[in-house]
Amino acid sequence: MPTKTIFTIISLVFGFAVFVPYYINIFKKTARPHIFSWITWSILGSLGFILSLSEGGGEGAWIFGLSAFLCIGVTIYGFFNGEKRITRFDWIVFLSALAIAVFYVFTKNAAFSVILVASIDFLGFLPTFRKSYAKPHNEPALTYALGAF
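**Considerations on the packing of aromatic side chains**
Scanning the model with the defined rule gives 10 aromatic pairs in all. Geometrically, the ring pair formed by tyrosine 23 and phenylalanine 27 is tilted, given 6.5 Å between the ring centres and 45° between the ring planes. Pair noted here: tyrosine 23 and phenylalanine 27 are both in helix α1 (residues 3-28), with a separation of 4 residues, about one helical turn. Given the relative accessible area of 68%, phenylalanine 27 is considered exposed. Grouping aromatic residues by their ring pairs yields a cluster made of Phe19, Tyr22, Trp38, Trp41, Phe125 and Phe129.

This is the structure we're talking about:
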């Protein structure tokens, strides 16, 4: 088996494992995802998947596809069972992330793309951080710890 395939499988297994704690809490109905965070991450993962595939990313794009798929699942759950208190701050950071995503799609500079992706990811996290500060038991911390790792 080629080394690239081995690393792809490892990344997919670890990528899936990051979401396990969150999905366990979804099935327990204890997770309350912030819809704006998960929409942002769904869009970001989907864009990463599509753009990586279109540029010849091959197997390397699969982790983006898995992440997008799992984020979309949380987004759908969050639409029905997620955080319902949406603040002006949440709207501002969500719309900012969407605006940056437009630039990301058209950026051809790799270094600038990384900066844009990191910015979108950070902005996507802010509504969840705000919500989790007030309601810390509505988010499985292990998911975020594994994601940071």
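**Let's talk about the packing of α1 against helix α6 (residues 141-148)**
For any two helices packed against each other, the geometry is given by the interaxial angle and the distance between the axes. It is at 7 Å that the axes of α1 and α6 come closest, and there the two elements cross at 160°. As the angle between them shows, α1 and α6 are arranged roughly antiparallel. With respect to the hand of their crossing, α1 and α6 are arranged in left-handed fashion. Packed against α1, whose contacting residues are Phe14, Ala17, Val18, Pro21 and Tyr22, the element α6 presents Leu142, Thr143, Tyr144, Leu146 and Gly147 at the interface. A class-by-class count of the residues in the contact of α1 with α6 yields 8 nonpolar, 2 polar and no charged.

**Some thoughts on the packing of helix α2 (residues 35-54) against helix α3 (residues 62-81)**
Where α2 meets α3, the axes come as close as 8 Å, and the angle between the chain directions of the two elements is 155°. Classed by the angle they form, the pair α2 and α3 counts as roughly antiparallel. Crossing of α2 over α3 shows left-handed handedness. Residue-level inspection shows Ile35, Trp38, Ile39, Trp41, Ser42, Gly45, Ser46, Gly48, Phe49 and Ser52 of α2 in contact with α3, the latter providing Trp62, Phe64, Gly65, Ala68, Cys71, Ile72, Val74, Thr75, Gly78 and Phe79.

**Concerning the pattern of salt bridges**
Following the criterion strictly, the structure yields 2 salt bridges and no others. For the salt bridge of lysine 135 with glutamate 83, the shortest nitrogen-to-oxygen distance reads 3.1 Å. Of this pair, lysine 135 sits in the loop between α5 (110-134) and α6 while glutamate 83 sits in the loop between α3 and α4 (88-106), and the two are 52 residues apart along the sequence. Classification of lysine 135 as partly exposed rests on a relative accessible area of 33%. Between arginine 130 and aspartate 90 there is a salt bridge whose closest N-O contact spans 2.7 Å. Pair noted here: arginine 130 is in helix α5 and aspartate 90 is in helix α4, with a separation of 40 residues, a long-range link. Of the two residues, arginine 130 and aspartate 90, both sit in the buried class.

**What to know about the nonpolar core**
Counting residues in each nonpolar core, the largest one holds 12 residues, listed as Val18, Phe19, Tyr22, Tyr23, Ile26, Ala31, Trp38, Trp41, Leu70, Cys71, Val74 and Tyr77. Sorting the residues of this core by element identifies α1, α2 and α3 as the ones contributing at least two each. The residues contacting alanine 31, other than those within four sequence positions of it, are Tyr22, Asn25, Ile26, Tyr77, Asn81 and Asn138. Membership of the second largest hydrophobic core comes to 10 residues, among which are Leu44, Leu47, Ala97 and Tyr104.

Definitions and cut-offs
- Residues numbered from 1 in each chain as written.
- Predicted model: local features only at pLDDT ≥ 70, side-chain atom pairs only at ≥ 80, totals over all residues.
- Heavy atoms only, no water.
- Phe/Tyr/Trp six-rings, centres within 6.5 Å; stacked < 30°, edge-to-face > 60°.
- Helix = DSSP H or I, 4+ residues; strand = E, 2+ residues; numbered from the N terminus.
- Buried < 20%, exposed > 50% of the residue type's maximum accessible area, 1.4 Å probe, protein only.
- Axes fitted to C-alpha atoms, helices over the stretch in contact; angles between N-to-C directions.
- Parallel < 35°, antiparallel > 145°, perpendicular 65-115°, else oblique.
- Left-handed = near helix turned anticlockwise from the far one by under 90°.
- Contact = heavy atoms within 4.5 Å.
- Nonpolar A, V, L, I, M, F, W, Y, C, P; charged D, E, K, R; others polar.
- Salt bridge = Lys/Arg side-chain N within 4 Å of Asp/Glu carboxyl O.
- Core = buried A, V, L, I, M, F, W, Y, C linked by side-chain atoms within 4.5 Å.

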